[in-house]
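Reading the structure
Single-letter residue listing:
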Amino acid sequence: MLDIHQLRTNLDAVIERLAERGYAFDREAFLLLEAERKQFQGRAQDLQAARNAHAKKIGQAKARGEDAAPLLAEAAAINGELGDLEGKAADVQLRLHEFLSIIPNLPHESVPSGRNADDNVEVRRHGAPRSFDFAPRDHVDVGAGLGMLDFETAAKLAGARFSVMRGGVARLHRAIAQFMLDTHTEQHGYTEVYVPYMVSGECANGVSSLAKFKDDLFKIEGRDLYLIPTAEYPVTNFVRDEILAADSLPLKFVCHSPCFRSEAGAYGKDTRGMIRQHQFDKVELVQIVEPEQSYLGHEELTAHAEAILKMLELPYRTMVLCTGDMGFSSAKTYDIEVWLPAQNAYREISSCSNFEAFQARRMQARFRREKGKPELAHTLNGSGLAVGRTLVAILENYQNADGSVTIPPVLRPYMGGVEKLSRP
RNA sequence: GGAGAGGUGGCAGAGUGGUCGAAUGCACCGGACUCGAAAUCCGGCAUACGGAAACGUAUCGUGGGUUCGAAUCCCACCCUCUCCGCCA
């Protein structure tokens, strides 16, 4: 959520920056809501003051044994008008809040302007795509060839966009997650956390806009619970409604979890294989930081995600998303894209964002410096990395002509020393 | 699933219809004393919104209700704890 003070004092500038990311701010509606709010709130507060004063006088009169009847009559008149106004004031507050809660974050000044993914800008590239002396197969064929990746059985169990893994590939999938968790906890200073895989609507609304994106989530029938689309949802909400001590920051959490996404609106997109699934595993990095540290933290967090790809020796490039391609809550986002030889393209494997105070304001996540007022914290997160897509990248980049797949050296300790997956 | 207890400020904990946004203690901040520290003493110390300010309004788990007036009474819900049952 944006700071309403910013809208009151700098409306034109805010409208302009929102337009850059393709959001058409309804100026008239906002000004009307504000005018109504001022009118109803001011009048209601005056009447409340009068009511409180009368109540006090009545109490004093009764204590002295005087007749309170005239005061009671006046109080009744005030309450008649007040009931109506309080309702109107509450209603306009609610509408104002709804209006604000679906406005996306402002892009940071370092974010390039642009309309869509075509306007994203590459900031760096690491590793050279391997040249194959045979036609590389995609991960579906590699996995099926090994007899370890099975989409037919998955479809029988749950329909499209699910997968079943067996044997070495299932173990490799687990090894990838273990390796990432160990690296981030032992080398990057994150605390491992285990969390609920469902969260309340309030938590969902803290990190994003439930009103806007509820169709992307799986909801538990008859309950106010949603399957998490990323561990960001539960982990960032650790600090909801908290006032943290400044010296406890930064908080750095790493969480391995499954992620559930309805992929509504993605029909026909990436239907083959496990690139886009209703359920996938991800190792998520979350940081809660002081405002002046957030851009430094963002660079570090992105580097932590990139470090995994370097250790796995997978070629990647890092893109800064343009204003038009960023997510709802983000002020700045880097996407890390891994090389997939079968697609002859770089594909997203991580997304690292700085949300500044946008989520913190929605969640009321604050911290207090020495003898200061509570201030909103800044929140950051990024995939470090998507486990399913990392598996895809390994199957494709490390495949051999005979159909076997070499295990990247850093994963071998997690594979009981196995160096290669072959058809049993 | 059954029975009971409870949710008040950073923490602990009073308050059961009216000068209560809330005693007291701890923590914290400022000051006095001291060469300095400790101890002691004095003062300050919730959040949000509106207002230039004075100040006003709201908030005692959440939402309704009763009342001129609710932390306090009533109803519903949520959460925590204890006991019994069941269970991975």
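Everything in this summary refers to the structure shown in the same document. (Residues numbered from 1 in each chain as written. Chains lettered and ligands numbered in written order. Predicted model: local features only at pLDDT ≥ 70, side-chain atom pairs only at ≥ 80, totals over all residues. Heavy atoms only, no water.)

Topic: the packing of helix H7 (residues 167-186) against helix H13 (residues 387-397)
The relative placement of two packed helices comes down to the angle between their axes together with the axis-to-axis distance. Heads up, the condition is: To obtain an axis, a line is fitted to C-alpha atoms, over the contacting stretch when the element is a helix, and the angle between two such axes runs from 0 to 180 degrees between their N-to-C directions. Working definition: helices are DSSP H or I runs of at least four residues, strands are E runs of at least two. Numbering for both runs from the N terminus. Any angle that is under 35 degrees is reported as roughly parallel, and any over 145 degrees as roughly antiparallel; angles of 65 to 115 degrees are reported as roughly perpendicular and all others as oblique. For any helix crossing, the convention is left-handed if the near helix is rotated counterclockwise from the far helix by under a right angle, and right-handed if that rotation is clockwise. Should any heavy atoms of two residues lie within 4.5 Å, those residues are considered in contact. In this classification, the charged set is Asp, Glu, Lys and Arg, the nonpolar set is Ala, Val, Leu, Ile, Met, Phe, Trp, Tyr, Cys and Pro, and all remaining amino acids, among them Gly, are polar.
Two elements in contact, H7 and H13, have axes whose closest approach is 10 Å; the angle formed by their N-to-C orientations is 120 degrees. Relative to H13, the element H7 is oriented oblique. Between H7 and H13 lies a crossing of right-handed hand. For the pair H7 and H13, the contacting residues are Val169, Leu172, His173, Ile176, Ala177 and Met180 in the first and Val387, Gly388, Thr390, Leu391, Ile394 and Leu395 in the second. Grouping the amino acids of the contact of H7 with H13 by side-chain chemistry returns nine nonpolar, three polar and no charged.

Focus on the sheet that holds strand S11 (residues 332-340)
Filter applied, for reference: Paired strands, as defined in this entry, are two strands with at least two bridges between them according to DSSP.
Here eight strands make up an open sheet; going across it, the order is S1-S10-S11-S12-S15-S9-S8-S4 and the pairing mixed. The open sheet is flanked by strand S1 (121-126) and strand S4 (191-192), the only strands paired with a single partner. Two elements, S4 and strand S8 (residues 251-260), share two bridges in a ladder whose sense is parallel. Bridging from a neighbouring strand, Glu192 pairs with Val254 of S8. Against the sheet, H7 touches S4, S8, strand S9 (279-289) and strand S15 (378-386), its axis set at about 10 degrees to S9. Contacting S1, S8, S9, strand S10 (316-320), S11, strand S12 (345-354) and S15, helix H11 (residues 294-312) crosses the sheet at an angle of about 5 degrees to S15.

Some thoughts on the sheet that holds strand S14 (residues 374-376)
The three strands are arranged S7-S13-S14 in an open sheet whose pairing can be described as mixed. The open sheet has two edge strands, strand S7 (243-245) and S14, and neither has a second partner. The average angle at which neighbouring strand axes cross in this sheet is 40 degrees, direction not considered. Two elements, strand S13 (residues 366-368) and S14, share three bridges in a ladder whose sense is antiparallel. The residue of S14 that forms the bridge with Arg366 is Leu376.

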